Amino acid sequence: MAIDKKKVAGCLEECKKHLTAELLPFWLDRCKDDKYGGFITHFDKDGKDAGTDEKSLISQTRTVYSMSAAHRAGYGGGKCAEFARHGVDFLINKMWDNQYGGFYWMLDRQGNVTINKKILYGLSFAMYSLSEYTMATGDARGLEYAGKVFNLVKKHCADTMYGGYFEMFERNWDLCGPGSKGGDRKTLDAHMHLMEAFTNLYEASRQSIHRRTLIEDIEILIKRILHKRYGTGIPQFWADWKIAPQIKFDIIWGWDRFAEGGKKPHAEDNTSAGHNVEFAWLLAHATDILGEGSFEQYKKVIKKSMDHGLKNGIDWEYGGVYVEGPHAGGVYDIEKEFWQQAEVMIGMLEACLRFGPKYFPAYENVHRFVFDKMINHPVGEWWPLTTREGKPIWTHMSHSWKVNYHTIRCMVECIKRLEKLLAKIKR
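I will try to describe carefully the structure that is included in this document. Within each chain, residue numbers correspond to sequence positions counted from 1 in written order. Only residues with pLDDT of 70 or above have their local features reported here, since the model is predicted, and side-chain atom pairs are shown and tallied only from 80 upward, although totals for entire chains, interfaces and linings are computed over all residues. Note: side-chain values were computed over all heavy atoms of the structure, leaving out hydrogens and water.

**With respect to unusual backbone geometry**
- Positive phi outside glycine occurs at Trp241, with the angle close to 75 degrees.
- Positive phi is not limited to glycine here, since Glu292 has a value of about 50 degrees.
- Numbering goes from the N terminus for both helices and strands, where a helix is a DSSP run of H or I of at least four residues and a strand is a run of E of at least two. As for its placement among the helices and strands, Glu292 is situated in the loop between helix H8 (273–290) and helix H9 (294–313).
- Classification of Glu292 as exposed rests on a relative accessible area of 74%. Throughout, exposure labels follow a simple rule: accessible area from a 1.4 Å probe, protein chains only, divided by the maximum for the residue type, with under 20% read as buried, over 50% as exposed, and the rest as partly exposed.

**A look at the sheet that holds strand E1 (residues 55–56)**
- Between any two strands, at least two bridges found by DSSP are needed for them to pair. Strands sit in the order E1-E2-E3 across an open sheet of 3 strands; the sheet is antiparallel. Looking at the sheet topology across the chains shown, the edges are occupied by E1 and strand E3 (113–115).
- As paired strands, strand E2 (residues 106–107) and E3 are joined by 2 bridges and run antiparallel to one another. Residue pairing for E3: Leu107 is matched across the bridge by Val113.

**Thoughts on the packing of aromatic side chains**
- Centres within 6.5 Å are what make two rings of Phe, Tyr or Trp a pair, Trp counting through its six-membered ring; a difference in plane orientation under 30 degrees is then read as stacked, over 60 as edge-to-face, and the rest as tilted. Inspection of the entire model under this criterion finds 18 aromatic pairs.
- Ring centres of Trp96 and Phe103 lie 4.9 Å apart, and the angle between their planes is 80 degrees; this geometry places the pair in the edge-to-face category.
- Judged by relative accessible area, Trp96 falls into the buried class, the value being 9%.
- Feature note: the residues Tyr65, Tyr121, Phe125, Tyr128 and Tyr405 constitute an aromatic cluster, connected by ring pairs.
- Positioned above the aromatic ring of Trp238, the side-chain terminus of Arg185 is 4.2 Å from the ring centre.
- Comment: the charge-over-ring label is applied if NZ (Lys) or CZ (Arg) is within 6 Å of the ring centre and within 35 degrees of the ring normal. Here the guanidinium or amino end of Lys336 rests over the ring plane of Phe369, the centre of that ring lying 4.8 Å away.

**Considerations on the sheet that holds strand E10 (residues 392–394)**
- Read across the open sheet, the 3 strands follow the order E8-E9-E10; overall the sheet is antiparallel. The two strands at the open ends of the sheet, each matched to only one other strand, are strand E8 (336–337) and E10.
- Sheet topology places E8 next to strand E9 (residues 385–386); 2 bridges connect them, and they run antiparallel. Of the residues in E9, the one forming a bridge with Lys336 is Thr386.

**Here's the deal with the pattern of salt bridges**
- Salt bridge, as applied in this entry: a Lys or Arg side-chain nitrogen positioned within 4 Å of an Asp or Glu carboxyl oxygen. Tallying each qualifying case throughout the model produces 36 salt bridges.
- Salt-bridge contacts for Lys148 lead to Glu144; the nearest nitrogen and oxygen are separated by 3.5 Å. A residue pair is termed a helical-turn pair when its members lie 3 or 4 positions apart in one helix, as Lys148 and Glu144 do in helix H5 (residues 140–157) at 4 residues.
- Linking Arg417 and Glu350 is a salt bridge whose minimum nitrogen-to-oxygen distance equals 2.6 Å. Of this pair, Arg417 sits in helix H12 (residues 405–426) while Glu350 sits in helix H10 (residues 338–355), placing them 67 residues apart in sequence.

**Considering the packing of helix H1 (residues 5–28) against H12**
- What counts as an axis is a line fitted to C-alpha atoms, over the stretch in contact for a helix, and the angles between N-to-C directions run from 0 to 180 degrees. Remark: H1 packs on H12, axes separated minimally by 9 Å, with the N-to-C direction vectors making an angle of 155 degrees. In this view, H1 runs roughly antiparallel relative to H12, as classed from their interaxial angle. Judged by the twist between their axes, the crossing of H1 over H12 is left-handed. Contacts between H1 and H12 involve Lys5, Val8, Ala9, Cys11, Leu12, Cys15, Lys16, His18, Leu19, Leu23, Leu24 and Trp27 from the first element and Thr407, Ile408, Met411, Val412, Cys414, Ile415, Leu418, Glu419, Leu421, Leu422, Ile425 and Lys426 from the second.
- Residue type decides the class: Asp, Glu, Lys and Arg count as charged, Ala, Val, Leu, Ile, Met, Phe, Trp, Tyr, Cys and Pro as nonpolar, and the leftover types, Gly among them, as polar. Residues of the contact of H1 with H12, tallied by class, amount to 18 nonpolar, 2 polar and 4 charged. Angles are sorted into four bins: roughly parallel if under 35 degrees, roughly antiparallel if over 145, roughly perpendicular if 65 to 115, and oblique for all others. For a crossing to be left-handed, the near helix must be turned anticlockwise from the far one by less than a right angle; the clockwise case is right-handed. Contact criterion: two residues are considered in contact whenever any of their non-hydrogen atoms come within 4.5 Å of each other.

**Regarding the environment of His367**
- When you line up the elements, His367 lands in helix H11 (residues 360–374).
- His367 gets classed as buried once you look at its relative accessible area, which sits at 0%.

Coordinates in, geometry out; function isn't part of it.
Written out as structure tokens, the structure reads:
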């Protein structure tokens, strides 16, 4: 099958317009906190400040990443770099623990610490965003603090018995207790985001320790976290990598529809097409940074994850990406959440460039759903959750973990890939 050049050009134009006229203006017009530093990140359906008195490590680092990545890609006319620097100042001056090292999990708006725990998920985004910031601006502080976090993670979080990383720590790096405290669990989520963090860190530093640690994490993901038969991501594990039922932690960084009592329906057999495709394109990008034939080494793994998402994640009737389903295929949750749409858009374009045109209809399907149903165009950001048909269920534009990282990154990365695709078709 051939890809229609006009369709690619049309999608490219829509992405550019959304990023420059809606999405970036949404954030540049309202998120910078000039009074207390850092970013305000809680906005209601109309884009108005929701008044929530918190600044999370996730929201602050993700906004630094988004502004840095947008500037690095050539957007914002310098304003994105200014915002990124403002965010890094807040991270270093207010969120860094000068006694024990690492970044606190939660502050109030004024910059007072409210949760002093050290959470690996948040620390992974610190490494990711700060290394991106240095690559975007040349400010060496980003790489300096990303390197400090890396060293702390290697010292305190690495599990030298079973491999991988523990994730939930007290302020002084004592491991948190079991169960909902999270000290006895390991997750796909944290290890996948460590992969993107280590990729950025290695790209910025070119240090061999960062390269080796990236490869180690990739091997953990492939050998421990992906389903042996289906190549799909398994959400939670015990310390020894036996599969654990997916539960809700006391410290949360994102939350889908869980049953009462903190246990998820189908807790021992669920996988996310969004995660699987996100993992695949992030791994493909990691191989580009690693070089030396790395893509050929992981090509089958990448394609298998892409194909599972293509087959089981796309809603061909109403458009968009389902939330999740069983490893063997099919769907449990037919609603549409913002981040799965964003990651599958990038992933399907990556698959087009790597494996051929059969993935473009899936990209076009999700693109159309996002632009017709998921974007709140008058305001500029995306609805967080809709029905299968695309009617908003949750209506806030942003909070501590629904910020701008997935949406801005989606547009920046899709534009890059659509431009490559267009150039390829024209030849």
